[in-house]
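# Understanding the architecture of this molecule
Residue-level listing of the chains:
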Amino acid sequence: AQQILYKNPNEPPVVFHWLPVIGSTVTYGIDPFRFFFDCQAKYGDIYTFILLGRKVTVYLGSKGNQFILNGKLKDVNAEEIYSVLTTPVFGKDVVYDVPNAKFMEQKKFIKYGLQSGALLTYVPLMQDEIGNFLQGDSHFNGQHGTISIPKVMAQITLFTASRCLQGIEVRQKLDTTFADLYHALDDGFQPINFMLPWFPLPQNRRRDIAQRRMTQIYTEIIKARRAGAEKRSEDILWTLMDSVYKDGTPMPDNEIAHLMIALLMAGQHSSSVTSSWIMLHLAAQPEVMEELYQEQISVLGNTSKPITYEDIQKLPLVMNVIRETLRLHPPIHTIMRKVKNPLPIEGTNWIVPPSHVLLAAPATMGKSDEYFPNAAKWDPHRWECMADPADQEKEKMDYGYGLVSTGADSTYLPFGAGRHRCIGEQFAYVQLTVIVSIMVRKFKLKNVDGKTGVVATDYSSLFSRPMEPAFIQWERR
Ligand code: HEM
């Protein structure tokens, strides 16, 4: 028999649980998608569960995405949820430590540095970084070998992203002190910091020291640049140094530094895990890797020629491989907002009270057979006969940082929707396309020891990632 708890007939049903504060924390934490689907089967698209004492109301499907991601600023709030996690890592006066209107201006500044004009200049830098890495890393000595793909991809992503976004000074420091600071900060970016921010974890001290030291490094770089010691190039740091708020205030140096840290963290994990999943699927389905190689030859001709920004637009199979990977392995499974006013849900008698947190999980649609036949199968070709997701996202709004799709009826939203939508999508596509192109040009990949399929997903960190160990074999072409 279904155990549906209607503690309050005016609120969504509460997911059955035995322990009051723990509630569904463990089942949600181990496999959020299984939890979402199991609860959906029992309660429908809308239900409340207990997450470490908090009442979290899930609203699945397009209507839920619309309700949560396009909720009015006065009704739903992101910063009250995320700032406990992000402010100690990024620093003050940026992102979720400021009113949303100010963050929208900061997003606009960053977006400017991620326009196609800038992306064009990033492509050769990315190739340079990947080429150097593959040449210098001892795991790629010889004609064949075995690698831990998450480790390799984490490094390639960090080097490429920081070279383009952070600038040459930071990239050079990554080989020395900066890498340790990055890891100390990253250790402070865990679910435990989010769920129990007051808990005095030993790594919090290292996180705070790293945050201050990193801010100092950026501030020194900014000063040196302003003193004319560095040559001008296209990177976000220069863009932010030129940025002026609507009220005429130039962006202060400490805000620039903190926003640079935010970018370092925001761009790294999602791209790194996505490239890992791509390589794992290519190792499991080497025939797709071969098709990608043929695409490089047939579209670009000479595969020893560097890839250009224009080339990137001409590779539909690479694009579909990325799309398909983000459908099946969205790095972000949960998007949360604090409820600020009682929110009636249309078509029901329920009102979500301000004591609740709202949870959107647009990625559940990507994993549903209803929208994607045989959804569990990784098949990049499925996109050849599907509508371009960009066309599905017809309605656009201007939240202060340019036109953004509101995603009301899209079944595919790996980059979110509404005012908090990702600004790194184009950058991520360019970065992933360059990584995939170079890997397929140079290598053949396969699973180790005749294994089939790919590893399971590890949901224990903030970004879903491949369960380790995740080794694959490479062979030079
Ligand atoms: C926001 C996904 C890469 C910067 C988001 C959101 C998602 C997302 C789902 C919405 C979060 C929410 O509504 O709470 C991804 C994926 C990526 C990726 C799947 C790569 C595969 C990047 C990169 C950057 C970046 C490379 C920076 C260069 C941001 C920023 C926001 C954001 C600044 C805005 C947060 C807000 O307004 O609250 N991303 N992202 N992302 N992302 Fe990304």
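Structurally, Ala360 can be placed in strand 8 (residues 357-360). Each C-alpha atom, one on Ala360 and one on Asn204, is 29 Å from the other, the two residues being 156 residues apart in sequence. The residues touching Ala360, leaving out its near neighbours within four places in the chain, are Tyr59, Asn65, Ile68, Leu69, His333, Thr334 and Ile335.

Let us look at the packing of aromatic side chains. A full pass over the atoms with the stated rule returns 26 aromatic pairs. When the ring of Tyr28 is compared with that of Phe49, the centres are 5.2 Å apart and the planes differ by 40°; the resulting orientation is tilted. Of the two residues, Tyr28 is situated in helix 1 (residues 25-30) and Phe49 in strand 1 (residues 46-51); the sequence distance between them amounts to 21 residues. For the residue pair Tyr28 and Phe49, the accessibility class agrees, reading buried in each case. A cation sits over an aromatic face here: Arg171 above Phe159, 4.1 Å from the ring centre. Here the basic side chain of Arg477 rests over the ring of Tyr293, its NZ or CZ set 3.7 Å away from the ring centre.

Further remarks concern the side chain of Asp186. Structurally, Asp186 is set in helix 9 (residues 177-187). Of the side chains bearing the opposite charge, Arg465 lies closest to the buried Asp186, which forms no salt bridge; the N-O distance is 7.0 Å. If we skip the residues at most four places from it in the chain, Asp186 touches Met265 and His269.

Attention shifts here to the nonpolar core. Ranked by size, the top nonpolar core spans 148 residues in total, and within it Phe36 and Met279 carry the most contacts. At 15 residues, the largest contribution of residues to this core is made by helix 13 (residues 253-284).

Further remarks concern the sheet that holds strand 11 (residues 443-447). Strand order across the open sheet formed by three strands is 4-14-11, with antiparallel pairing between neighbours. Of all the strands in the sheet, the pair left with one neighbour each is strand 4 (144-148) and strand 11. Going across the sheet, the axis of each strand differs from the next one's by a mean of 30°, ignoring polarity. In this sheet, strand 14 (residues 471-476) lies alongside strand 4 in antiparallel orientation, the contact comprising five bridges.

Attention shifts here to the site of the ligand. Of all residues adjacent to the ligand, which total 25 residues, the nearest are Tyr96, Lys107, Arg337, His420 and Cys422. Between the ligand and the protein, one listed contact pairs an oxygen atom with a side-chain N or O atom of Arg337 at 2.8 Å. Take His420: an N or O atom from its side chain is 2.6 Å from an oxygen atom of the ligand. Of all the elements in the fold, those that place two or more residues in the shell around the ligand are helix 5 (100-112), helix 13, strand 5 (335-339) and helix 19 (425-442). Of the residues in the shell around the ligand, the class split is 16 nonpolar, six polar and three charged.

Looking now at the coordination of the iron atom of the ligand. You will see that the iron atom of the ligand has only one donor from the protein, Cys422 (SG), lying 2.3 Å away. Within the secondary structure, Cys422 sits in the loop between strand 10 (403-405) and helix 19.

This part covers the confidence of the model for the protein. Confidence along the protein averages 92 in pLDDT terms, with 96% of residues attaining 70 or more. Across the assembled chains, the prediction reports ipTM 0.99 with pTM 0.95.

The next subject is the sheet that holds strand 3 (residues 76-77). Pairing is mixed in the open sheet, where five strands are placed in the order 1-2-8-5-3. Of all the strands in the sheet, the pair left with one neighbour each is strand 1 and strand 3. Bridging between strand 2 (residues 54-59) and strand 8 involves three bridges; their strand directions are parallel. Within strand 8, the residue paired with Val56 across the bridge is Val357. Against the sheet, helix 2 (residues 32-43) contacts strand 1, strand 2 and strand 8, and its axis sits at roughly 130° relative to strand 1. Each of strand 2, strand 3, strand 5 and strand 8 is contacted by helix 4 (residues 79-90), which is oriented at about 120° to strand 5, the strand it contacts most.

The next thing to look at is helix 14 (residues 286-300). An ideal rise of 1.5 Å per residue puts 21 Å on 15 residues; helix 14 measures up with 21 Å between its terminal C-alpha atoms. Tucked into the core, helix 14 has its buried residues touching helix 13, helix 15 (309-312), helix 16 (316-328), helix 19 and strand 11.

Our focus in this paragraph is the pattern of salt bridges. Evaluation of the coordinates by the stated rule reveals 19 salt bridges. As a salt-bridge pair, Lys340 and Glu80 come within 2.5 Å of each other at their nearest N and O atoms. Of this pair, Lys340 sits in the loop between strand 5 and strand 6 (343-344) while Glu80 sits in helix 4, and the two are 260 residues apart along the sequence. For Lys340, a relative accessible area of 34% translates into the label partly exposed.

Of all six residues in strand 1, six are buried, a share of seventy percent or more. Residues Ile46, Thr48 and Ile50 line one face of strand 1 and the alternating positions Tyr47, Phe49 and Leu51 line the opposite face, and both faces are buried. Across six bridges, strand 1 lies against strand 2 in antiparallel orientation. Across the sheet, the residue bridging to Ile50 is Lys55, located in strand 2.

Parameters and conventions
Residues numbered from 1 in each chain as written. Predicted model: local features only at pLDDT ≥ 70, side-chain atom pairs only at ≥ 80, totals over all residues. Heavy atoms only, no water. Helix = DSSP H or I, 4+ residues; strand = E, 2+ residues; numbered from the N terminus. Contact = heavy atoms within 4.5 Å. Phe/Tyr/Trp six-rings, centres within 6.5 Å; stacked < 30°, edge-to-face > 60°. Buried < 20%, exposed > 50% of the residue type's maximum accessible area, 1.4 Å probe, protein only. Lys NZ or Arg CZ within 6 Å of the ring centre and 35° of its normal. Lys, Arg positive; Asp, Glu negative; His and termini not counted. Salt bridge = Lys/Arg side-chain N within 4 Å of Asp/Glu carboxyl O. Core = buried A, V, L, I, M, F, W, Y, C linked by side-chain atoms within 4.5 Å. Pairing = 2+ DSSP bridges. Axes fitted to C-alpha atoms, helices over the stretch in contact; angles between N-to-C directions. Near = heavy atom within 4 Å. Polar contact = N/O pair within 3.5 Å; in protein donor to acceptor, adjacent residues only side chain to side chain. Nonpolar A, V, L, I, M, F, W, Y, C, P; charged D, E, K, R; others polar. Donors = N, O, S within 2.8 Å, 3.2 Å for Na, K, Ca; no water. pLDDT = per-residue confidence, 0-100. Expected span 1.5 Å × (residues − 1).

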